[in-house]
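So you can see what is in the structure, the chains are spelled out below.
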Amino acid sequence: MQVSSLNEVKIYSLSAGRSLPEWLSDRKKRALQKRDVDIQRRIELIQDFDMPTVSTNLKVSRDGQYIMAAVITFDILSDDYSKIVFLLCDRYVEFHSQHGRYYRTRIPKFGRDFSYHYPSCDLYFVGASSEVYRLNLEQGRYLNSLQTDASENHVCDINTAHGLFAAGTIEGKVECWDPRTRNRVGMLDCALSSTMADKEVDGLPSISALKFDGALNMAVGTSTGQILFYDLRSSNPLIVKDHQYGLPIKSIQFHNALDLVISADSRIIKFWNKDTGKIFTSMEPEHDINDVCIYPNSGMLFTANEAPKMNIYYIPVLGPAPKWCSFLDSLTEELEENPETTVYDDYKFVTRKDLENLGLTHLIGSPLLRAYMHGFFMDIRLYHKVKTMVNPFAYEEYRKEKIRQKIEEARVQRVQLKKLPKVNKELALKLIEEGEEDLQNRRGKKQKKTPNILTDDRFKVMFENPDFQVDEKSEEFRLLNPLVSKISEKRKKKLEMLEQQETLGEEEEEEQEGKPSDAESSETSDDEKGWVEEVRKQRRLLRQEEKVKRQERLKEDRQTVLKPQFFEIKAGEEFRSFKDTAQRQKLMKKTLGDRLQLEEKVGALSVHDTIVGSKQATFKLKKSEQQQKQQEAEKHHHLERRKLRRSASHLKSKKGRGRPFH
């Protein structure tokens, strides 16, 4: 069980805890449950409370005995699960009883939501149409539809107190209808009311969630992440609450005991006061949220997620635990915070680079490594064993590092000298001087204190890791800081003094405030005048250095002796002189007419006049070496066959002998 706290409100995640990998077989899972104490102590409030893929809707029956989850829109009409209505994605509406499907019918357009009006036994369907379809379950037939002004309707709800029907449109409006007269009694422009002065509007917000609270209140969720809380007697919202994520609102619920509104988008669930809008608490599950369901008269909450596992939360502040799990009240008092780990306890997640460092790349594809995302899972025992073999002194290094950290922590309590870091000492000294100058300038004035990089933990690595050392000899640094030579000489002297004080353990003698030396005053005045000269000087030095490097490279090239290289000819090929390539290049440079004349001389081209008066050109393509060899081999074969062939002239019949052949 995992416990989190926000605004001193404890939230217990009953579905969290040690999770087993999905690829393990049932036999291995049972074996782990038998020998692992932590898995045995895991709380499984509802056994196998998950779906094959994802879940989009959750509902609890009115008697509190059943909870249903599905990937489609549905509603429970009875107190238990004996009467259920499902709205399928292919326009079908199915009615189920305890034994299974009872009846199915279709609506004219694709549906997105529906509500049930108990007094008249009417089902109201909204979807990809401007009409609201009515299906009477008592008569078993469709009634006249309600014609709205919208092109499409997304959500709908019916007030249980007086039966008012409300539909949220794609244009960001809410139309309210009276089922008794089948007339529209009001319209709310929520899109206009949801816009704020300090927020940009990317598009027209549509209605994505709708829920009545009592007889006079209603909450509307938009596709841009706002919740508008209305009093039905007014066209202006009482409160506009923004989730700050820009995601569509998926669910709106109410907790009347504490006057809370529970709104959820795909990322966060927020609890806030409906009178003031103040945040009560919030929670962010690991996976995207599709729906939120509150168990009646308790502090238990269920969520449907974009994952097979559905989450169960228990918030004692909202109410007691349900009767069927009353032991949670006494159990939560003794629980301590136990954060959930993202890596399985019995397995270690390693990347391909980790495998290369451990020398285990040959295990890729074997049962010892299980591919997952951008890496692999391996047994934690094998990982520790291989790591010990690869680096046997890892524990000693870890121990020395811990001892060094303890010593450093103890030194902090002593009297501190003015000590510079090991990396970027000159930069640190520059920042210290700027801080002292800033302190002198702010003395006697009420100015805001500027932040210091040396005391900021975000820049701590810059003065500890040698990889962040500033290279003052680089070309970029010298051109950007032309006066660094003069300033560095002054700082180098100061650095030498500080290092001597550190070695001797003496305290640094600080210079009197407001009395800069003559050298410093002269330098500050010369810096502005000689800035251009310093830039030119640095450029000349860089050119000279580049010239020296170029001369050294030329000298090295002259000293290098080129050795002849030999290349092996492939089997079946003959060496051609390099003159052939030169002749071919010369031939390609000639005009088309010259090439045609040359080919006529060779015999590869023949041009002659036709009877009609036009000209006919015949080309003989040049054969490759392989074709020529094959042709020669065929000629040689034909010659051999001719020599071996016996004459058949003696088989000819003489005149008068034999019978004629008919």
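Residues numbered from 1 in each chain as written. Predicted model: local features only at pLDDT ≥ 70, side-chain atom pairs only at ≥ 80, totals over all residues. Heavy atoms only, no water.

*Asks:* Give a description of the sheet that holds strand β22 (residues 260-265) that names residues and reports values.
*Replies:* Reading across from one edge, β21-β22-β23-β24 is the order of the four strands in this open sheet, with antiparallel pairing throughout. Edge strands, defined here as strands with exactly one partner in the open sheet, are β21 (249-255) and β24 (279-283). Mean inter-strand twist for the sheet, computed between neighbouring axes without regard to direction, equals 15 degrees. (Pairing = 2+ DSSP bridges. Helix = DSSP H or I, 4+ residues; strand = E, 2+ residues; numbered from the N terminus. Axes fitted to C-alpha atoms, helices over the stretch in contact; angles between N-to-C directions.)

*Asks:* Summarise the pattern of salt bridges; cite the residues concerned and give the values.
*Replies:* Tallying each qualifying case throughout the model produces 14 salt bridges. Residue Asp122 pairs with Arg134 through a salt bridge whose shortest N-O separation is 3.7 Å. Highlighted residues: Asp122 in strand β10 (residues 122-127) and Arg134 in strand β11 (residues 131-136), separated in sequence by twelve residues. For the pair Asp122 and Arg134, one class covers both residues: buried. For the salt bridge of Lys274 with Asp213, the shortest nitrogen-to-oxygen distance reads 2.9 Å. Highlighted residues: Lys274 in the loop between β23 (269-273) and β24 and Asp213 in strand β17 (residues 207-213), separated in sequence by 61 residues. Take Lys274 and Asp213: they sit in the same class, and that class is buried. (Salt bridge = Lys/Arg side-chain N within 4 Å of Asp/Glu carboxyl O. Buried < 20%, exposed > 50% of the residue type's maximum accessible area, 1.4 Å probe, protein only.)

*Asks:* Give me the lowdown on the side chain of Asp242, citing residues and values where you can.
*Replies:* Mapped onto the elements of the fold, Asp242 is located in strand β20 (residues 239-242). Of the residues examined, Asp242 reaches a relative accessible area of 9% and is grouped as buried.

*Asks:* Would you mind going over the nonpolar core in detail, with residue names and values included?
*Replies:* If you look at the biggest cluster of nonpolar residues, it comprises 19 residues, and the most contacted ones within it are Leu14, Leu45, Leu58, Met300, Phe302, Ile312 and Leu328. For this core, the secondary structure elements donating two or more residues are β3 (57-60), β26 (300-305) and β27 (311-314). Ranked by residues supplied to this core, first place goes to β26 with three residues. (Core = buried A, V, L, I, M, F, W, Y, C linked by side-chain atoms within 4.5 Å.)

*Asks:* Outline the packing of aromatic side chains, supporting the account with residue identities and numerical values.
*Replies:* Counting across every chain of the model gives nine aromatic pairs. Between the aromatic rings of Phe74 and Phe86, the centroid separation amounts to 5.9 Å while the plane-to-plane angle is 35 degrees, which identifies the pairing as tilted. Taken together, the residues span a long stretch of sequence, with Phe74 in strand β5 (residues 73-76) and Phe86 in strand β6 (residues 84-87) at a distance of twelve residues. Comparing Phe74 with Phe86 shows no difference in burial state: the two are buried. Its guanidinium or amino end placed over the ring of Phe110, Arg91 lies 5.8 Å from that ring's centre, counting from NZ or CZ. (Phe/Tyr/Trp six-rings, centres within 6.5 Å; stacked < 30°, edge-to-face > 60°. Lys NZ or Arg CZ within 6 Å of the ring centre and 35° of its normal.)

*Asks:* Explain a positive patch on the surface residue by residue, including any values.
*Replies:* The grouping of Arg536, Lys537, Arg539, Arg540 and Arg543 at the surface amounts to a positive patch. Inspection of the secondary structure puts Arg540 in helix α12 (residues 531-559). Accessibility expressed as a relative area gives 45% for Arg540, which makes it partly exposed. (Patch = residues over 30% accessible without salt bridge, like charges linked within 9 Å, V, L, I, M, F, W, Y side chains within 5 Å. Areas by Shrake-Rupley, 256 points an atom, 1.4 Å probe, with all protein chains shown as cover. Lys, Arg positive; Asp, Glu negative; His and termini not counted. Charge placed at Lys NZ, Arg CZ, Asp CG, Glu CD.)

*Asks:* Give a description of the environment of Gly319 that names residues and reports values.
*Replies:* With respect to the secondary-structure elements, Gly319 resides in the loop between β27 and α4 (327-332). Residues Gly319 and Met300 lie 19 residues apart in sequence; the distance between their C-alpha atoms is 7.9 Å.

*Asks:* So what's going on with the pairing of β11? Residues and values would help.
*Replies:* Sheet faces and side chains relate simply in a regular strand, where the side chains alternate between the two faces. Extensive coverage of β11 is indicated by the burial of five of its six residues. Here β10 pairs with β11 via four bridges, running antiparallel. In the strand pairing of β11, Leu123 is matched with Leu135. Remark: three residues form the turn of the hairpin made by β10 and β11, two consecutive strands paired antiparallel. As judged from the five bridges shared by β11 and strand β12 (residues 141-147), these two strands associate in the antiparallel manner. Following the sheet pairing, Val132 is matched in β12 by Leu146. Joining the antiparallel neighbours β11 and β12 is a turn of four residues, in which Gly140 adopts a positive phi near 75 degrees.

*Asks:* So what's going on with the environment of Arg381? Residues and values would help.
*Replies:* As for its position among the elements, Arg381 is in helix α6 (residues 380-390). Residue Arg381 is classed as exposed on the basis of its relative accessible area, which comes to 63%. Measuring from C-alpha to C-alpha, the distance between Arg381 and Lys348 comes to 8.9 Å, with 33 residues separating the pair along the chain.

*Asks:* I'd like a rundown of the confidence of the model for the protein, residues and numbers included.
*Replies:* Confidence in the prediction for the protein averages 80 pLDDT; 75% of positions are at 70 or higher. Here residues 337-343 is modelled with pLDDT under 50, and outside its nearest four sequence neighbours on either side it reaches eleven contacts, counting other chains as well. Across residues 506-521, confidence stays below pLDDT 50; counting only partners more than four residues off in sequence or on other chains, it has 15 contacts. (pLDDT = per-residue confidence, 0-100. Contact = heavy atoms within 4.5 Å.)

*Asks:* For the side chain of Thr148, give the residues involved together with the corresponding values.
*Replies:* Turning to its location among the elements, Thr148 is positioned in the loop between β12 and β13 (153-158). In this structure Thr148 comes out as buried when scored by relative accessible area, which is 4%. Not counting residues up to four positions away in its chain, the partners in contact with Thr148 are Ser130, Val132, Asn153, Glu175 and Trp177.

*Asks:* Requested: an account of unusual backbone geometry, with residues and values cited.
*Replies:* The phi dihedral of Arg91 falls on the positive side, at around 75 degrees, and the residue is not glycine. As for its position among the elements, Arg91 is in the loop between β6 and β7 (92-97).

*Asks:* Tell me about the sheet that holds strand β2 (residues 9-13), and please be specific about residues and values.
*Replies:* In space, the five strands of this open sheet follow the order β1-β2-β27-β26-β25, with antiparallel pairing throughout. Each having just a single partner strand, β1 (2-6) and β25 (289-294) make up the two edges of the open sheet. If you compare each strand with its neighbour and ignore which way they point, the axes differ by 25 degrees on average. As paired elements, β2 and β27 share two bridges and run antiparallel to each other. Along β27, the bridge assignment pairs Tyr12 with Tyr314.

*Asks:* Which residues make up a negative patch on the surface, and what values go with them?
*Replies:* A cluster of acidic residues, Asp471, Glu472, Glu475 and Glu476, forms a negative patch on the protein surface. Positionally, Glu476 belongs in helix α9 (residues 475-480). Taking relative accessible area as the criterion, Glu476 reaches 53% and is therefore assigned exposed.

*Asks:* Outline the pairing of strand β15 (residues 173-178), listing residues and values.
*Replies:* Among the six residues that make up β15, five are buried, leaving the element largely enclosed by the rest of the structure. Across four bridges, the pairing between strand β14 (residues 165-169) and β15 is antiparallel. Each bridged residue has a counterpart across the sheet, and for Phe165 the counterpart in β15 is Trp177. Hairpin geometry of β14 and β15 is characterised by an intervening segment of three residues between the two adjacent antiparallel strands and by a positive phi of about 85 degrees at Gly172. Of the strand pairs in this sheet, β15 and strand β16 (residues 183-189) are connected by six bridges, and their pairing is antiparallel. The residue bridging Asp178 from the neighbouring strand is Asn183, located in β16. Between β15 and β16, which pair antiparallel one after the other, the connecting turn spans four residues, and Arg182 there sits at a positive phi close to 60 degrees.

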